[in-house]
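This is what each chain is made of:
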Amino acid sequence: MLKLIEKDHGEEKILFKGSLKEVVEYLQNNKNLVNWIRDEDPTTELPDLNEVETLRDLKHELSKIDLSWWTLTVEEK
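A. Main features of the nonpolar core. Ranked by size, the top nonpolar core spans 19 residues in total, and within it L4, L27, L58, L62, I65, L72 and V74 carry the most contacts. Apart from the residues within four sequence positions on either side, L72 is in contact with L4, I5, E6, L15, L27, L33, V34, L62 and I65.

The structure is reproduced here in structure tokens:
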């Protein structure tokens, strides 16, 4: 079981719990969670979730949107 966590200015919020596949599907169905970053910096590379096969892949893709004050992370429960 994985937890998708939003960290915003030091505050943590669990957005979703599920398997790797379920977390990826959640992110694909809720693109607004990361698309707003393009408003901050139009050149930001967004995560490519289509090829995620492992937890390591997902963590790598989410690292692309780490703004230091805001990020999405995944932890094993």
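B. Structural view of helix α4 (residues 55–63). Restricting attention to buried positions, one finds in α4 the residues L55, L58, E61 and L62. Along the axis of α4, the buried residues cluster in a sector spanning 125°; they form a single face. On its buried side, α4 packs onto β1 (2–8), α1 (20–29) and β3 (70–76).

C. Seen up close, the sheet that holds β1. The 3 strands are arranged β2-β1-β3 in an open sheet whose pairing can be described as antiparallel. Because the sheet does not close on itself, it has two edges, and the strands there are β2 (11–18) and β3. The sheet shows a mean angle of 25° between the axes of neighbouring strands, direction not considered. Where β1 lies against β3, 7 bridges are found, and the strand directions are antiparallel. Residue K7 lies in a different strand from β3, and its bridge partner there is T71. Packed onto the sheet, α1 meets β1, β2 and β3 and runs at close to 115° relative to β2.

D. A look at the packing of α1 against α4. Between α1 and α4, the shortest axis-to-axis distance is 10 Å and the interhelical angle comes to 25°. As the angle between them shows, α1 and α4 are arranged roughly parallel. The hand of the α1/α4 crossing is left-handed. Where α1 approaches α4, its residues L20, V23, V24 and L27 are matched on the opposing element by L55, L58 and L62. When its residues are assigned to classes, the contact of α1 with α4 shows 7 nonpolar, no polar and no charged.

E. The pairing of β2, seen in detail. Bridging between β1 and β2 involves 7 bridges; their strand directions are antiparallel. What sits directly across from E6, in β2, is K13. The antiparallel hairpin formed by β1 and β2 contains 2 residues in its connecting segment, where H9 sits at a positive phi of about 50°.

Definitions and cut-offs
- Residues numbered from 1 in each chain as written.
- Predicted model: local features only at pLDDT ≥ 70, side-chain atom pairs only at ≥ 80, totals over all residues.
- Heavy atoms only, no water.
- Core = buried A, V, L, I, M, F, W, Y, C linked by side-chain atoms within 4.5 Å.
- Buried < 20%, exposed > 50% of the residue type's maximum accessible area, 1.4 Å probe, protein only.
- Contact = heavy atoms within 4.5 Å.
- Helix = DSSP H or I, 4+ residues; strand = E, 2+ residues; numbered from the N terminus.
- Arc of directions from axis to C-beta.
- Pairing = 2+ DSSP bridges.
- Axes fitted to C-alpha atoms, helices over the stretch in contact; angles between N-to-C directions.
- Parallel < 35°, antiparallel > 145°, perpendicular 65-115°, else oblique.
- Left-handed = near helix turned anticlockwise from the far one by under 90°.
- Nonpolar A, V, L, I, M, F, W, Y, C, P; charged D, E, K, R; others polar.

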